[in-house]
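An overview of the molecular structure
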Amino acid sequence: MIKKLAAVLPDLTPWRSSRDFRLLWVQGLVTYLGSVMALIALPLQIKELTGSPLAVGAMGAVELVPLVVFGLYGGALADAVDRRKVIVLTEAGLGLLAVVLLLNALLPHPMLWPLYLVAAGVAALAGLQRPALDSLLARIVPHEQLAAAAALNALRWQAGAIGGPALAGLVVAYAGNVPAYATTVVCFFASVLMCRRLSPVPPVEHAAKPSLRGIAEGAGYAWSRPVLLGTYAVDLAAMLFAFPNTIFPFLADELDADWALGLMYSAGAVGSLLLSLTSGWVSRTQRHGLLVVFGAAGWGLAMAAAGWTSNVWLVLVFLGLAGAGDMLSGLGRSTIWNQTIPDRLRGRLAGIEVLSYSVGPQLGQVRAGAMAGWTGARPAIWSGGLACVAAVGLLAAALPRLISYDARTDEDARRRAEESAGTAPDREDVGADR
C-alpha cells in the first residue's frame, strides 16, 4: 500500500539534489503570494472606479504590446547574459511598480491611469524576466529530473494560488486595496533578497548579443519543430477563448455571490493541486503531447460547464476541473520544452513560450470583457469554453506530430538526453537536422 501511494506522490528528487531549485521554489511561492494580491485588487479597483467590464478587460490590451516586445527581447537577453542578474533586476522593478500601486491607493481619490500604466510596466518586466526564469530549470536540474521538477513547480504555484486568491479576496473586500498592495511590496522585497543568493548562470560560450537576427533564429527553430509549434498554438488557443478570470467580479454579481469572488480565483488552483499531488506518474510518462492536447480540451470543456450553470457551488467545482486540465496541459508543455530545446537557444525559445502562455490570457481578457459587456458574464464564459474545445481539436488534427510525441524516440529529446549524459556528438542543432 505504501509503495502504491509513493508511486503517485510527487517525486522530490529535484528538491533534494539542487540548492538553487529549492531556493527558486521558495522564492516563487513568496512572489506569487504577493503578486496575487495585486492581480485581484487591480481589476477590482478598475471595476470600482469605472463599473465597466470593457474597462477591466482593457487591461489585456494595455499589457499586450509590452509583453510581446519585451518577451521576445527577454528571450534573446537570457541567452546572452547572466540569467540571475536579469531575474534580480526585473524582480526589483516589479517591486517598485507595486509601490506605485500602493501610493495611488493611498490617495483620497485614486486615479485610473496609473493602474493601466502599472499593468503595462508589469507586462514589460514579466516579458523580460520569464525567459530567464523559465530557461533556468534545465541548467540547475538534471535532464532525467525535469518532469519531476515541473510537477514540483506546479505544486508550488498551486500552494500560492489556492490560499493567495482566497486571502486576497477577503483582504480587498474587508480591508481595502492598501493592505493588498502593501503585502505585494513586502513580498517582492523578500523575493529580491532570495534571488540574489542564486548561483550565477552565465551564458554559453560565444553567446550572441541580443539582436533581431538572434530572435529570428529562435523563431525559425520553433517553426521547424512541429511539436514545439503545437504546444504554443494549443496553449494560445486555450487562453484566448477560455480565460475569463478578468470578469469573475461580474460573474459573482450575476450569481449574487460576492462572497465567492476569492474562491472563484482560487478554485482552478485547487484542481491543479489535486492533480499535482498525484503527479508521481508524470515522471514515468513519455507521451507528453497527449497531456498537452487532452488537458487543454478538458480546460475548455470545464469552463463551458462553469459558464452554463447558475449554481455557484457547481461553478466552483467546474472551475476546479478546469484548473486540473490546465495543469495537465502545462506539465506536458513544460516537459517537452525542457526535453527538446538546446541550451544555446533556450532563452530565445523561452521568450516565445512567454508569448504562448501570456499573450493568450491578455487577449482572452479583452475577448471576455468585451463579450461580457454585450451578453453578460455567463454567456461569455460558456461560449469561450466551447470555442476552446473546437480550436484544440482542429490544432491536434493539423499537427499530428504533437499527438505522437514520445520522449524515447523523438530526435531532439534523445539528443538533449545524450548531452545531459555527456555522450552527444559535439555539434549544434540546425533546422536542417529535420
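Just above sits the structure.
What comes next is a walk through the structure. (Residues numbered from 1 in each chain as written. Predicted model: local features only at pLDDT ≥ 70, side-chain atom pairs only at ≥ 80, totals over all residues. Heavy atoms only, no water.)

Observations regarding unusual backbone geometry
Unusually for a residue other than glycine, Asp256 sits at a positive phi of about 55°. If you trace the backbone, Asp256 turns up in the loop between α12 (248–254) and α13 (261–277). (Helix = DSSP H or I, 4+ residues; strand = E, 2+ residues; numbered from the N terminus.)

Focus on the side chain of Arg83
By the secondary structure assignment, Arg83 is in helix α5 (residues 83–106). On the accessibility criterion, Arg83 (2% relative accessible area) is buried. Excluding residues within four positions of it along the chain, Arg83 makes contact with Ala78, Ala132, Ser135, Leu136, Arg139, Val201, Asp343, Arg346 and Gly347. (Buried < 20%, exposed > 50% of the residue type's maximum accessible area, 1.4 Å probe, protein only. Contact = heavy atoms within 4.5 Å.)

Overview of the packing of α5 against helix α9 (residues 177–195)
The relative placement of two packed helices comes down to the angle between their axes together with the axis-to-axis distance. Orientation of α5 relative to α9, taken along the N-to-C sense of each, is 165°, at an axis distance of 8 Å. In terms of axis orientation, α5 runs roughly antiparallel to α9. The crossing of α5 and α9 is left-handed. Each residue belonging to the contact of α5 with α9 can be placed in one class, and the counts come to 17 nonpolar, four polar and two charged. (Axes fitted to C-alpha atoms, helices over the stretch in contact; angles between N-to-C directions. Parallel < 35°, antiparallel > 145°, perpendicular 65-115°, else oblique. Left-handed = near helix turned anticlockwise from the far one by under 90°. Nonpolar A, V, L, I, M, F, W, Y, C, P; charged D, E, K, R; others polar.)

Observations concerning α5
Since the α-helix packs 3.6 residues into each turn, any two residues three or four apart lie on the same face. The first and last C-alpha atoms of α5 sit 35 Å apart over 24 residues, in line with the 34 Å expected at 1.5 Å per residue. The opening residue of α5 is Asp82, an N-cap whose side-chain oxygen sits 2.9 Å from the backbone nitrogen of Arg84. (Expected span 1.5 Å × (residues − 1). Polar contact = N/O pair within 3.5 Å; in protein donor to acceptor, adjacent residues only side chain to side chain.)

Examining the packing of aromatic side chains
Counting across every chain of the model gives three aromatic pairs. On the basis of an interplanar angle of 90° and a centroid distance of 5.4 Å, the ring pair of Trp15 and Trp25 is categorised as edge-to-face. With a gap of ten residues between them, Trp15 in helix α2 (residues 13–17) and Trp25 in helix α3 (residues 19–50) connect regions that are remote in the sequence. A residue is classified by how much of its surface remains accessible, and Trp25, at 16% relative accessible area, is buried. Here Phe248 and Tyr265 contribute two aromatic rings whose centre-to-centre distance is 5.3 Å and whose plane-to-plane angle is 70°, an arrangement assigned as edge-to-face. You can see Phe248 sitting in helix α12 and its partner Tyr265 sitting in helix α13, a full 17 residues away along the chain. Overall, Phe248 belongs to the buried group, its relative accessible area being 2%. (Phe/Tyr/Trp six-rings, centres within 6.5 Å; stacked < 30°, edge-to-face > 60°.)

Quick word on the environment of Ala322
Structurally, Ala322 is set in helix α15 (residues 312–340). Overall, Ala322 belongs to the buried group, its relative accessible area being 0%. Taking C-alpha positions, Ala322 is 9.4 Å from Ala304, a pair spaced 18 residues apart along the chain.

Some details on the layout of surface pockets
Estimated volume of the second largest pocket: approximately 340 Å³. If you trace the second largest pocket, you find 19 residues lining it, with Gly169, Ala173, Asp258, Trp259 and Leu261 closest to the centre. Elements represented by at least two residues in the lining of the second largest pocket include exactly α3, α8 (146–174), α12 and α13. In terms of residue count, α8 provides more of the lining of the second largest pocket than any other element does, seven residues in total. Along the lines of polarity and charge, the residues of the lining of the second largest pocket split into 13 nonpolar, two polar and four charged. (1 Å grid on protein atoms, 1.4 Å probe; cavity = no way out; pocket = protein on both sides within 12 Å on 5 of 7 lines; lining within 4 Å. Points joined across faces, edges and corners; volume = space filled by probe spheres on them.)

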